[in-house]
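Architecture at a glance
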Amino acid sequence: MVFEKIHQHPRPYQQERRALQTWAVRLPLAPRLILGEDRRRALWTVGLPGVRPSAASWTPALLRAAGVALAQLHHLPHDDTDPVNTQDALQMRVHGALHSAGELGDVPSELDARLRALRVEGARVPCHRDFQPANWLWTRSGALGLVDFEHSRADLAAWDLVKLDAEVFLDHPQLREPFREGYGSLPSDAVRTGLLALHGLVTWTWGRRHQAPAFEALGSRVLTHLGLAMRARDQPGC
């Protein structure tokens, strides 16, 4: 079976095409690119076996397989030639996130301080950057495939764990250990919760700015879980 995917915007098209050409071909279970057409921003890929797992099927076996699949991606060879080191890049994200959130609400001083103090180490690796069950295919044989690489680029490995923390482990903390068994060593709690706080803030801000209640609610839920809830200000016209 062949799938056609047409992107509305150039950046996700370029990111997905590059990831399919350079990384997905080295993974055991990922889409195989047949053809890309720049004019239409269209990609044709060979379909994969498996189904997207519903929340009812989030089992230890699934999360263990997810850990294995993500480790395979992160361990692919990659030369980090970005002139901006990962710590400086992180702080640029932090400053941008705090500024954007501050236009829409009151940023708790503890959240501000925690994000500004966040420190990371390590080179960039191939990252999916939207690693969550919605982008997995679970096969009958117990293998897990990765799809939808439109956000993919080299980044800190820890960024690929943030959506799992926000959308899986928050309600199912018992699944973190099976994932670790498949993946290997996880970031420290300080790094994990710091990046989770940044993700929550960015998600809340995006949802608030674009009037997307589901995103705003998710960001708010993450921040509240960390004891760092934002207080929104009324938007003009509301």
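For the structure itself, consult the block above.
1. A look at the pairing of strand β2 (residues 32-37)
Sheet topology note: the β2/strand β3 (residues 42-46) ladder contains 5 bridges and is antiparallel. Looking at the pairing, G36 lines up with L43 of β3. Connecting β2 to the antiparallel partner β3 that follows it, the hairpin turn spans 4 residues, and R41 within it adopts a positive phi of roughly 55°.

2. Some points on helix α2 (residues 60-74)
With 15 residues, α2 ought to run about 21 Å at 1.5 Å a step, and its terminal C-alpha atoms sit 21 Å apart, in line with that. Along α2, the positions that sit buried rather than exposed are L62, L63, A65, A66, G67, A69, L70, A71, L73 and H74. At its buried positions, α2 is contacted by β5 (125-127), β6 (136-138), β7 (144-146), α5 (162-169) and α6 (176-183).

3. Here we look at the side chain of H199
Looking at the element boundaries, H199 is found in helix α7 (residues 189-209). When its relative accessible area of 14% is taken as the criterion, H199 is described as buried.

4. Considering the environment of G219
Considering the arrangement of structural elements, one finds G219 in helix α8 (residues 213-225). Setting aside anything within four residues of it in sequence, one finds G219 in contact with G200, T203 and W204.

5. Things to note about the pattern of salt bridges
Taken as a whole and assessed by the stated rule, the structure comprises 25 salt bridges. R231 is the partner of D106 in a salt bridge, and the nearest nitrogen-oxygen pair spans 3.1 Å. On the criterion of sequence distance, the pair formed by D106 in strand β4 (residues 105-106) and R231 in strand β9 (residues 231-232) is long-range, its members being 125 residues apart. Classification of R231 by relative accessible area gives exposed; the value is 58%. Linking R221 and D171 is a salt bridge whose minimum nitrogen-to-oxygen distance equals 2.4 Å. Separated by 50 residues along the polypeptide, R221 in helix α8 and D171 in the loop between α5 and α6 bring together distant segments of the chain.

6. Structural notes on the packing of helix α3 (residues 86-102) against helix α4 (residues 109-116)
Viewed as axis vectors pointing N to C, α3 and α4 meet at an angle of 160°, and their least axial separation amounts to 10 Å. On the basis of the axis angle, α3 is roughly antiparallel to α4. As α3 packs across α4, the resulting crossing turns out to be left-handed. Where α3 abuts α4, its residues Q91, V94, H95 and L98 lie against D112, L115 and R116. For the contact of α3 with α4, the class distribution of residues is 3 nonpolar, 2 polar and 2 charged.

So, how was this worked out
- Residues numbered from 1 in each chain as written.
- Predicted model: local features only at pLDDT ≥ 70, side-chain atom pairs only at ≥ 80, totals over all residues.
- Heavy atoms only, no water.
- Pairing = 2+ DSSP bridges.
- Helix = DSSP H or I, 4+ residues; strand = E, 2+ residues; numbered from the N terminus.
- Expected span 1.5 Å × (residues − 1).
- Buried < 20%, exposed > 50% of the residue type's maximum accessible area, 1.4 Å probe, protein only.
- Contact = heavy atoms within 4.5 Å.
- Salt bridge = Lys/Arg side-chain N within 4 Å of Asp/Glu carboxyl O.
- Axes fitted to C-alpha atoms, helices over the stretch in contact; angles between N-to-C directions.
- Parallel < 35°, antiparallel > 145°, perpendicular 65-115°, else oblique.
- Left-handed = near helix turned anticlockwise from the far one by under 90°.
- Nonpolar A, V, L, I, M, F, W, Y, C, P; charged D, E, K, R; others polar.

Read these as spatial facts, not as claims about activity.
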